[in-house]
Amino acid sequence: MQQDTIAVHAGYNKKEGWGTMNVPIAQTTAFAFRDAEHAANLFALKELGSIYTRLTNPTTDVLEQRFAQLEGGAAAICVASGQSAIFYAIANVASAGDNILISNKLYGGAVTLLTHTIKRFGIEARVFDVSDASNLEEQIDDKTKAIFFESLSNPQIAVADVESIVEIAKRKGVLTVCDNTVASASLFNPIKWGVDVVVHSTSKYTNGQGSAIGGIIVERDGLAEFFKENASKYTEFTEPDESYHGLVYVDVPLPNFCLRIRLALLRDIGAAQSPHNSWILLQTLETLSLRMEKHSNSTLEVAKFLESHPKVKAVNYPGLESNKDYAKAQKYFKDGKASGLLSFDVESYDDAKKIIDSAKLFSVVVNIGDSKSLIVHPASTTHSQLSEEELLKAGVNPSTIRLSIGLEDPIDLIEDLTQALS
Ligand SMILES: *Cc1c(COP(=O)(O)O)cnc(C)c1O
């Protein structure tokens, strides 16, 4: 099936249940078993089915199947937010004493999670340059469990050198985890380029209307073989799980990565997605590709306008031919479309603040991927918890303004920016 058909139909059988055209919301905490044996079978994984909404839910299950197919993966698992998706993806493979490699260009929340919070769990994060990956290999050792990067980074708007990262990771037997939030499942599918695990904050473009928080993790087909080949490193999967009566994940004929998140991490930590949010995301996923095309086209128009403006020192949008990542955007993203984020630099911190306060159509919001256009000053908001050194490393300049271009007519957006810059 083609992407647009998957987004509307996959994972739902209208001929079952009530026959509703729209996927119903299973707004329930728990599920009744047919009898004691049914209950025992579900717990023993002899039969698959719903037990409790912290673990599985039929509405969420449709979204998981649909999203997995969209990303070209074997399975997906929804969690409560993008942050919990990143945490689970890492915690699924790394323990105290291990290390992970993280890109130098990441979402602020991912930076604090992976460098500060996870450190308190005894996991060390080492930073590599995502643009050329040249210093990646030398930092890998036998305790390196994952390489984490964003395909299109927020807020630096850099395109990852996916092929080089995947090549090194495969050679070294290290799991790759790609945050594909900004590119979205419509413009880029990391698994098709060899990435092992994809995470998204579905709060952003997948939702597209700023109406729900959610996260999802998708795994490629064949991860059990990868864990077996690297058995001494990924013992969580190859040795018995004492917390699940000695279950060995690689022996279970189900996609291993999501299975372990469900049985161990969702069970114990419990950042489950509400079925209502799954339903909202099923609605919004239907229009994802239409929206991404419009976001991308409008952002290119705004970027060209800003590039020609005398008060703008630099514009960063990989859809612009002048951009250092233009070739990578053309190579990786569908029709070379580069999504809806752009940033630009003005003269000073004070100029940036004045422009933000003068914009009328743009809302001052620390979000991205909304249907409404958003404007933000990363240095004083999303990235304000980073030290000056971390700010510079993250490529955030004090006079940088970030825009998330919505679905309005770009004529109006350009008019608003014209007056804000005057
Ligand atoms: C927003 C965002 C996150 C965090 O997602 P939440 O749903 O807000 O928890 C992670 N990664 C990227 C790239 C994001 O933009």
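Quick caveat, the model's predicted, so the values are computed rather than measured. Here the residue index of a chain counts from 1 through its sequence in written order. Per-residue local features are limited, in this predicted model, to residues with pLDDT of at least 70; the limit for side-chain atom pairs, both in listing and counting, is 80 or more; totals at the level of whole chains, interfaces and linings are taken over all residues. The basis for the side-chain values is all heavy atoms of the structure; hydrogens and waters are excluded.

Undergrad: How should I be thinking about the UniProt feature "modified residue: N6-(pyridoxal phosphate)lysine" (unreviewed entry) in the chain in this particular structure?
TA: UniProt positions are given in the numbering used here, feature names are shortened, and annotations may be inferred rather than shown by experiment. Using the residue numbers shown here, the UniProt feature "modified residue: N6-(pyridoxal phosphate)lysine" (unreviewed entry) corresponds to K204. A run of H or I in DSSP counts as a helix once it spans at least four residues, and a run of E counts as a strand once it spans at least two, with each numbered from the N terminus. Within the secondary structure layout, K204 lies in the loop between β6 (197–201) and β7 (215–219). We call a residue buried when its accessible area falls under 20% of the maximum for its residue type, exposed when it is over 50%, and partly exposed in between, using a 1.4 Å probe and counting protein chains only. Given the relative accessible area of 11%, K204 is considered buried. Should any heavy atoms of two residues lie within 4.5 Å, those residues are considered in contact. Setting aside chain neighbours within four positions, we find K204 in contact with Y107, T181, N367, I368 and G369.

Undergrad: I'm lost on the environment of A39 in this one. Help?
TA: Inspection of the secondary structure puts A39 in helix α2 (residues 36–43). Residues A39 and H116, spaced 77 residues apart in sequence, show a C-alpha to C-alpha distance of 41 Å.

Undergrad: Could you clarify how one ought to interpret helix α11 (residues 275–285) in this entry?
TA: For α11, the buried fraction is high: 8 of the 11 residues fall into the buried class. Among the residues of α11, those classed as buried are P275, N277, S278, I280, L281, L282, T284 and L285. Buried residues along α11 sit against α1 (3–9), α3 (58–70) and α12 (288–307).

Undergrad: Explain unusual backbone geometry here, please?
TA: Trans peptide bonds make up the majority, and among non-glycine residues the majority have a negative phi. The phi dihedral of S184 falls on the positive side, at around 75 degrees, and the residue is not glycine. On the secondary structure map, S184 appears in helix α7 (residues 184–187).

Undergrad: Is there a simple way to think about the packing of aromatic side chains in this case?
TA: The geometry of an aromatic ring pair is captured by two quantities: the separation of the ring centres and the angle between the planes. A pair of aromatic rings is counted whenever rings of Phe, Tyr or Trp (Trp by its six-membered ring) have centres within 6.5 Å, and the orientation is called stacked for planes under 30 degrees apart, edge-to-face for over 60 and tilted otherwise. Applying the stated rule across the entire model yields 12 aromatic pairs. Residues F226 and Y234 carry aromatic rings whose centres are separated by 5.4 Å and whose planes lie at 45 degrees to one another, so their mutual orientation is tilted. For the pair F226 and Y234, a shared accessibility class is recorded, and that class is buried. Grouped by ring-pair contacts, the aromatic residues F226, F227, Y234, F237, Y249 and F257 constitute a single cluster. Should the NZ of a Lys or the CZ of an Arg lie within 6 Å of a ring centre and within 35 degrees of the ring normal, that charge is described as sitting over the ring. Over the face of the ring belonging to Y107 we find K204, whose NZ or CZ atom lies 4.7 Å from the ring centre. A cation sits over an aromatic face here: R260 above F237, 5.8 Å from the ring centre.

Undergrad: Can you walk me through the packing of helix α14 (residues 349–358) against helix α16 (residues 410–421) in this structure?
TA: Any two packed helices are characterised by how steeply their axes cross, that is the angle between the axes, and by the distance between the axes. The contact between α14 and α16 brings their axes to 8 Å, and the two run at 135 degrees. Our classification of the angle between α14 and α16 gives oblique. Two packed elements cross with a definite hand, and for α14 against α16 that hand is right-handed. Note on element contacts: α16 touches α14 through D416, Q419, A420 and L421, opposite K354, I355 and S358. Residues belonging to the contact of α14 with α16 are distributed by class as follows: 3 nonpolar, 2 polar and 2 charged. Fitted lines through C-alpha atoms serve as axes, helices being fitted only where they are in contact, and the angles separating the N-to-C directions of these axes extend from 0 to 180 degrees. An angle below 35 degrees is treated as roughly parallel, one above 145 as roughly antiparallel, one from 65 to 115 as roughly perpendicular, and anything else as oblique. Take the far helix as your reference; a near helix turned counterclockwise from it by less than a right angle gives a left-handed crossing, and one turned clockwise gives a right-handed crossing. The classification used treats Ala, Val, Leu, Ile, Met, Phe, Trp, Tyr, Cys and Pro as nonpolar, Asp, Glu, Lys and Arg as charged, and all other residues, Gly among them, as polar.

Undergrad: Explanation requested: the pairing of strand β5 (residues 175–179) in the structure shown.
TA: For a regular strand, side-chain orientation follows a simple rule: the groups alternate between the two sheet faces. Of all 5 residues making up β5, 5 are buried, and the element is well covered by its neighbours. Judged by which residues are buried, β5 turns out to be covered on both faces: L175, V177 and D179 on one side and T176 and C178 on the other are all buried. Relative to β5, strand β4 (residues 144–150) is paired through 5 bridges, and the arrangement is parallel. Its bridge partner being in β5, F149 is matched across the sheet by C178. Tracing the backbone out of β4, into helix α6 (residues 162–172) and back to the parallel element β5 gives a crossover that is right-handed. At least two DSSP bridges between two strands are needed for those strands to be called paired. Crossovers are marked right-handed if the path from the first strand over the helix to the second runs clockwise, as seen with the strands pointing away from the viewer.

Undergrad: Hey, could you run me through the site of the ligand in this one?
TA: Only heavy atoms are used to decide nearness, and a residue is near a molecule or strand if one of them lies within 4 Å of it. Around the ligand, 14 residues are found, and the nearest of them are G82, D179, S201, S203 and K204. Pairs of N or O atoms are called polar contacts if they sit within 3.5 Å, as long as, within protein, a hydrogen donor faces a hydrogen acceptor (for residues adjacent in sequence, only side-chain-to-side-chain pairs). The backbone of G82 places a nitrogen or oxygen atom 2.8 Å from an oxygen atom of the ligand. A distance of 2.6 Å separates an oxygen atom of the ligand from a polar side-chain atom of S203. Coverage of the ligand by the protein amounts to 94% of the 380 Å² it exposes when considered alone. In terms of residues, the shell around the ligand owes the most to one element, helix α4 (residues 82–91), which gives 3 residues. Of the residues in the shell around the ligand, the class split is 3 nonpolar, 8 polar and 3 charged. The protein chains shown are the only cover counted for residues, whose accessible areas, like all others here, come from Shrake-Rupley with a 1.4 Å probe.

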